[in-house]
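A closer look at the structure
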Amino acid sequence: MGIKIALAGNPNCGKTTLFNSLTGSSQHVGNWPGVTVEKKEGWLKGRKDVVIQDLPGIYSLSPYTLEEVVARDYLVKEKPDAILNVVDGTNIERNLYLTTQLIELGIPVVVAVNMMDLVQKNGDVIDVIKLGSTLGCEVVEMSALKGEGGMEAAQKAVTLAQTHRAGELPHIFTSRVEHAIARIEESIQGKVDDSYLRWYAIKIFERDEKALEALNVSAGLKAHMEERIADCEKELDDDAESIITNQRYSYISNVVSKSVKKKSGEHRRSVSDKIDQIVTNRILAMPIFAAVMVLIYSIAMGTSITDGGFAIGTFATDWANDIFFGEWVPNWADSILNVLSVAEGSWLYGLIVDGIIGGVGAVLGFVPQLLVLFLLLAILEDCGYMARIAFIMDRIFRRFGLSGKSFIPMLVATGCGVPGIMASRTIEQDRDRKMTIMTTCFIPCSAKMPIIGLFAGAVFGGSPWVAASAFFIGITAVVISGIILKKSKAFAGEPSPFVMELPAYHMPSANNVLRAAWERGWSFIKRAGTVILLSTIVLWFLQGYGFVGGRLQAVEDNGSSLLAAIGNAIAWVFYPLGWTGDMAWKATVASFTGLIAKENVVGTLGTLYHFLGEPGENGEKIWALAGADFGPLSSYSFMIFNLLCAPCFAAMGAIKREMNHAKWTAAAIGYMCLFAYMSAMIVYQLGGLFAGAVRFNLWTVVALTALVAVFYLLLRKGYQDEKRFRRMSSVDTKIK
Amino acid sequence: MITLKDVKAGQIVAVAKLHGEGSVKRRIMDMGITTGTEIFVRKVAPLGDPMEVNVRGYELSIRKDDAEMIEVV
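The notes below deal with the structure included here. Source: prediction; values computed, not measured. (Residues numbered from 1 in each chain as written. Chains lettered and ligands numbered in written order. Predicted model: local features only at pLDDT ≥ 70, side-chain atom pairs only at ≥ 80, totals over all residues. Heavy atoms only, no water.)

Looking only at helices and strands, one finds 33 helices and twelve strands in chain A. For 736 residues, the compact-globule formula gives about 27 Å, and the C-alpha radius of gyration of chain A, at 30 Å, lands near that figure. For chain A, the spread of C-alpha atoms along the principal axes amounts to about 90 × 65 × 55 Å. A buried classification covers 54% of the 736 residues belonging to chain A. With the model as given, the accessible surface of chain A reaches about 31900 Å², and the carbon-plus-sulfur share is 61%. Of the charged side chains in chain A, 68 are positive and 69 negative; the average position of the first set lies 5 Å away from that of the second. (Helix = DSSP H or I, 4+ residues; strand = E, 2+ residues; numbered from the N terminus. Rg over C-alpha atoms; globule rule 2.2 N^0.38 Å. Buried < 20%, exposed > 50% of the residue type's maximum accessible area, 1.4 Å probe, protein only. Areas by Shrake-Rupley, 256 points an atom, 1.4 Å probe, with all protein chains shown as cover. Lys, Arg positive; Asp, Glu negative; His and termini not counted. Charge placed at Lys NZ, Arg CZ, Asp CG, Glu CD.)

Below, the structure written as C-alpha cells:
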C-alpha cells in the first residue's frame, strides 16, 4: 500500500509552488467528481509509493464553500496518512486558523511555515520549535519559491505517515466549551473512528449539518446534544459557531504572541501596500486597469505582428490555421494516404482530410493563441493583480450577479469564446463562475464577425451600426441574463459573501505560470480530441452525404445532403423568427454548420447560394442574392439568433469541461438557445409589426408574452432577497 | 450602532459584534474578523465599493453590504 499525503493550506500560501517542486512532472490534473474544483495529484519525486494529493486552497473546514466541502470529504473519507499543511509565515495568524482545524482530524500533521525568507527580511522571528510544541505537531521552515525546506517537510510527513503518529491534541477552547465537546464525544462514541471523534464533536457543536448527516444519529440523541449546545450558548451569550471561531482565534493570537516576534507596528506599509497605493488608487486604478487589458488583448488577440500589430497570439494561430493545418497536415495526410493507396475522392480520404483535419484542425488552430493568452492570465493571477481586478470591477459586475473577475472572460470572449470560458476558472465563487460561463458566449467572438459583416454589407449597405448593435445586443444579453439568472432558484440559494483576500504582490514564478498555461491549453486539446472530433465527423457526414435516387451517396451539392434534408424538415421551428420561404432551410442548415465553427455560417450560405446564382468570381453577387432572399428583417433575426445561440463545438466542449456536470452543461447551452430564439422572435415579430412588415398574428402574441415574461423576470423580487434575509436575521439577533 | 461600513479610510476600529447568520457570517469570522479584532480601514475601491481593510496583518476586500453586518467601536 502506498502512502497518501494531503497537501493543505490557504489560497496564496505557496502551496502550488511546493506541489510543483515536490511532484515535478508526475502530476495528474483533473476535477473533483461532479464539481468545478480542480484536482491535482502526483508522486513525490523519487518515491513512487508516495502520492501527494493537492487539496483546494481553503481558509477553513466550514461546510459552506465547494472547495471546503471537497477538502473535508477527502480528509474524512479518504483518510490520508498524513497532512502537509503549508502556512504563509508572513500572514501566520489567519493561516494557523486552518491548521488548528486540520490537527483536530487526528491525522498526523506537518506544518511547513512558508516564505521564511520574507519573514526574515521583514525582521520578524518565528520560533518553530515553540510553535510545534504548543500546537502538538511538527513544524518546519520553508521557502518554496527558493526551493528550500520543501523536500524536508515532505520527508517528515512520510515518516509520520509510516509511524501513524498524530500529536497530542491541544486544548483550544475554554473549559466550558471543552466540557460540552467532551460530552458530545461521549454521545457519539462508537459511531466514528476514535481518531475522528474530536473533529466530529466540534462540528456537531457548531451545528454542522453535513457532519450530523454523516453520523446518522437518532432524533433523541440529536435533541440531547442540542440541549448541551443550547446550554453552552446561553451561558456564553453567543451562538455556537461564533463561540468556536472566536475561541480558536484567541487561542491562535495567544500562540502567535508566544512564538512569533514582530519587528514593528501592526499597520506598517509593505512594498505591496505601496504598489497598491498606485494600482488601486481612486483616480489611477481605472486607467491602469484599461492599459493592462489593452496590453493583454493586443498581445494575445489583436492585430497580428505580420500586419503591424503586437499580437504574437494571433500570428501563431494564423500560422497554425493557414500553414500548419491548412497546408502541412493536409499534405502529410495526402502523401500518407497516397502511400496507402487511398484515392482522392474516396470516402475515407474525404473523412480524414475534409472531415477530421478540417474540423479538428480548425479547433486546434486556436491552441497557440490560447497558450499565449493563458500565459498572460497566469502571470496576472500569480503576481496578485487578478484579485485587484475583482476589487475594482466588483461594483459593476455584481449588479448582474457576476464577479469583478468576470470582466476578463468577457473581454477574452470578444476574440474567442473558448479561452473566455476557460478564463472563468480564476473566479473563486462557484455561483459567479457558473453564471460567467453561461453568459460569456453572448459576447460576439471573432468568428461571428463574418456573419455580422455579411449582413451589414449585403443588406444594410455597410452600415457600421450593425456591428455596433451586435456588440450592444451581446452586452445586453449578458446583463439581462445576469439579472434573470441571479434571481432564479438555482443561483439565489446561498448568499455568497464577497470577502476576498488581496494577497501581497510578488514576482510570478516561471514554473507556476508555464504549468498553469499548459494545463489549460492541454485540457482544451483533449476536448478537441474527443467531443469535438466526434461532432465534426457527424456533421461532415451529414453535410457531404445524401440520398440521390433513393441511394445514400456522396453529394457535390450541399443542397441535396442529409443536412439539407434535416434542415428542411425542421425549418418550421424557425418560422416565428421570420425564416420563411426558400431561405428557411438554408438559414437552418447554415446555423447548424455554425456549430462546427461560426465561420461556417457564412461559408455555408456561400455554398448554398453559389449553386443558385452565377458561379462568378465575384462573391458580392452571391451575397447580394442571399441578402435579397433574406430581406432586412429576417436577416437581422438570423443574425441575432446566430450571435446568441449555442456556440461552436469547441466552446461547448469548454463549457462541459468547466461545468464538469452534464446537467449544468445542458442547462447552459439550452439557456443560450432559448434566449437566442426568444430575442430573435421578439425582434422579428414586434419589430416587424412596428415597421409594418409583419402582420399581427399568433406569434405576435407569443412574442409579446415573451417580452413581458422577460420584464417580469428582470423586475421580480429574487427567489430569496438576500438583503432582506440578512437584515431580518440581524434584527433577530438584536431582539435576542 | 456604528458598522464597519461607516468607518472612514485611515481609521482603526475594533469589532464589537457580528450580526447576521449562516455562511456569510461564518465566512467573515473564518477570515479572522471576530469580536475584539482590530480592523484598519485601508481604502474604498475606486467605484465606491467594496472596501479594503487590514485585519490580522493581511489585506482583505469586503463589500459594504457585508461590512454592514460588522458592528464596531
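What follows picks up the thread again.
A count of helices and strands for chain B gives two helices and five strands. Secondary structure elements of chain B, listed N to C terminal, follow the sequence β-α-β-β-β-α-β. Computed over its C-alpha atoms, the radius of gyration of chain B comes to 11 Å, within 12% of the 11 Å expected for a compact globule of 73 residues. Overall, the C-alpha framework of chain B stretches about 30 × 25 × 20 Å when taken along its three principal axes. Counting all 73 residues of chain B, 68% fall into the buried class. Within chain B, contacts between residues at least 6 apart in sequence are counted, and of these 55% link residues at least 24 apart. For chain B, the accessible area works out to roughly 2200 Å², and carbon and sulfur atoms hold 50% of it. Here chain B contributes 11 positively and 11 negatively charged side chains, and the mean placements of these two sets differ by 2 Å. (Contact = heavy atoms within 4.5 Å.)

To continue, consider the sheet that holds strand 3 (residues 51–55) of chain B. The six strands are arranged 10(A)-4(B)-3(B)-2(B)-1(B)-5(B) in an open sheet whose pairing can be described as antiparallel. Sheet topology places strand 10 (499–501) of chain A together with strand 5 (70–72) of chain B at the edges, where each strand pairs with a single neighbour. Put simply, the sheet's adjacent strands are angled 45° from each other on average, direction ignored. Bridge analysis of strand 1 (residues 12–18) of chain B against strand 2 (residues 38–44) of chain B gives three bridges, and the strand direction is antiparallel. (Pairing = 2+ DSSP bridges. Axes fitted to C-alpha atoms, helices over the stretch in contact; angles between N-to-C directions.)

In this section: the pattern of salt bridges. Any two side chains of opposite charge can pair, so long as their charged atoms come close to each other. Residues and elements named next belong to chain A. Scanning the entire structure with this criterion turns up 29 salt bridges over all chains. The salt bridge partner of Arg-433 is Asp-430, with a shortest N-O separation of 3.4 Å. Taken as a pair, Arg-433 and Asp-430 lie in helix 20 (residues 430–440) at a separation of three residues, close to a single helical turn. By relative accessible area, Arg-433 is classed as buried at 5%. (Salt bridge = Lys/Arg side-chain N within 4 Å of Asp/Glu carboxyl O.)

Looking now at the packing of helix 20 of chain A against helix 31 (residues 662–691) of chain A. Residue and element names in this part refer to chain A. One way to put it is that helix 20 packs onto helix 31 with a least axis distance of 9 Å and a crossing angle of 40°. Accordingly, the angle class assigned to the pair helix 20 and helix 31 is oblique. For helix 20 against helix 31, the interelement crossing comes out right-handed. Facing Lys-434, Ile-437 and Met-438 of helix 20, the residues of helix 31 in contact are Trp-664, Ala-667, Ala-668, Tyr-671 and Met-672. Partitioned by chemical class, the residues of the contact of helix 20 with helix 31 number seven nonpolar, no polar and one charged. (Parallel < 35°, antiparallel > 145°, perpendicular 65-115°, else oblique. Left-handed = near helix turned anticlockwise from the far one by under 90°. Nonpolar A, V, L, I, M, F, W, Y, C, P; charged D, E, K, R; others polar.)

Each partner contributes residues to the interface: chain B has 43 residues there, and chain A has 54 residues. Of the roughly 4600 Å² buried at the junction of chain B and chain A (both faces included), carbon and sulfur atoms supply 52%. When the area that chain B buries against chain A is broken down by residue, the three leading residues are Arg-26, Arg-56 and Arg-63 of chain B, summing to 16%. In this assembly, chain B and chain A are joined by seven salt bridges. In this structure, Asp-49 of chain B engages Arg-398 of chain A in a salt bridge whose closest nitrogen and oxygen atoms are separated by 2.7 Å. Across the contact surface, chain B and chain A share 19 residue pairs in polar contact (both at pLDDT 80 or more). Only helix 1 (22–30), strand 2, strand 3, strand 4 (58–62) and helix 2 (64–67) of chain B provide two or more residues apiece to the side of chain B that touches chain A. When residues of the side of chain B that touches chain A are assigned to their parent elements, the largest contribution, nine residues, is made by helix 1 of chain B. Split into classes, the residues belonging to the side of chain B that touches chain A amount to 16 nonpolar, eleven polar and 16 charged. Sheet topology note: the strand 10 of chain A/strand 4 of chain B ladder contains three bridges and is antiparallel. Looking across to strand 4 of chain B, one finds that Glu-501 of chain A is bridged to Leu-60 of chain B. (Buried area = accessible area lost by both parts, 1.4 Å probe. Polar contact = N/O pair within 3.5 Å; in protein donor to acceptor, adjacent residues only side chain to side chain.)

Residues and elements named next belong to chain A. Taken in spatial order, the seven strands make up an open sheet running 2-3-4-1-5-6-8, and their pairing is mixed. Each edge of the open sheet carries a strand with a single partner, namely strand 2 (28–31) and strand 8 (138–141). On average, each strand axis in the sheet is tilted by 25° relative to the strand beside it, whichever way the strands run. Sheet topology places strand 5 (residues 82–88) next to strand 6 (residues 109–114); six bridges connect them, and they run parallel. When the sheet's bridge partners are listed, Asp-88 is paired in strand 6 with Asn-114. Its contacts with the sheet place helix 2 (residues 66–78) against strand 1 (3–9), strand 4 (47–54) and strand 5, and it is angled at close to 150° to strand 1. Contacting strand 6 and strand 8, helix 5 (residues 128–135) runs over the sheet at an angle of about 155° to strand 8.

Once that is clear, we can look at the packing of aromatic side chains. Inspection of the entire model under this criterion finds 24 aromatic pairs over all chains. Feature note: the residues Phe-455, Phe-574, Trp-579, Phe-630, Phe-638, Phe-641 and Tyr-677 of chain A constitute an aromatic cluster, connected by ring pairs. Against the face of Tyr-58 of chain B rests Arg-94 of chain A, its NZ or CZ located 4.2 Å from the ring centre. Lying across the ring of Tyr-505 of chain A, Arg-388 of chain A places its NZ or CZ 4.1 Å from the centre. (Phe/Tyr/Trp six-rings, centres within 6.5 Å; stacked < 30°, edge-to-face > 60°. Lys NZ or Arg CZ within 6 Å of the ring centre and 35° of its normal.)

For Phe-711 of chain A, the location among the structural elements is in helix 32 (residues 698–715). Expressed as a C-alpha distance, the spacing of Phe-711 of chain A and Ile-480 of chain A, which sit 231 residues apart in the sequence, is 9.4 Å.

Okay, the layout of surface pockets next. All names here are of chain A. Of the volumes computed, that of the second largest pocket is approximately 950 Å³. Considering the residues around the second largest pocket, the lining is formed by 45 residues, among which Asp-354, Trp-540, Gln-543, Ile-596 and Asn-600 are closest to the centre. Looking at the lining of the second largest pocket, the elements that each hand over two or more residues are helix 15 (347–364), helix 19 (417–423), helix 24 (510–544), helix 27 (599–610) and helix 30 (649–659). Counting residues per element, the lining of the second largest pocket draws most heavily on helix 15, which supplies nine residues. Looking at side-chain class alone, the lining of the second largest pocket contains 22 nonpolar, 18 polar and five charged residues. (1 Å grid on protein atoms, 1.4 Å probe; cavity = no way out; pocket = protein on both sides within 12 Å on 5 of 7 lines; lining within 4 Å. Points joined across faces, edges and corners; volume = space filled by probe spheres on them.)

Quick look at unusual backbone geometry now. Residue Pro-50 of chain B is bonded to the preceding Asp-49 of chain B through a cis peptide linkage, with omega at -5°. Note that Pro-50 of chain B resides in the loop between strand 2 and strand 3.

Time to look at the packing of helix 16 (residues 367–383) of chain A against helix 17 (residues 385–397) of chain A. Residues and elements named next belong to chain A. Here helix 16 crosses helix 17 at 85°, and the two axes come no closer than 4 Å. When the axes of helix 16 and helix 17 are compared, the pair comes out roughly perpendicular. In contact with Leu-377, Leu-380, Glu-381 and Cys-383 of helix 16, helix 17 contributes Tyr-385, Met-386 and Ile-389. Residue composition of the contact of helix 16 with helix 17, grouped by class: six nonpolar, no polar and one charged.

So, on to the side chain of Lys-448 of chain A. Residues and elements named next belong to chain A. With respect to the element layout, Lys-448 can be found in the loop between helix 20 and helix 21 (449–458). Since its relative accessible area comes to 2%, Lys-448 is described here as buried. In contact with Lys-448, not counting residues within four places along its chain, are Cys-441, Ile-443, Lys-598, Asn-642 and Leu-643.

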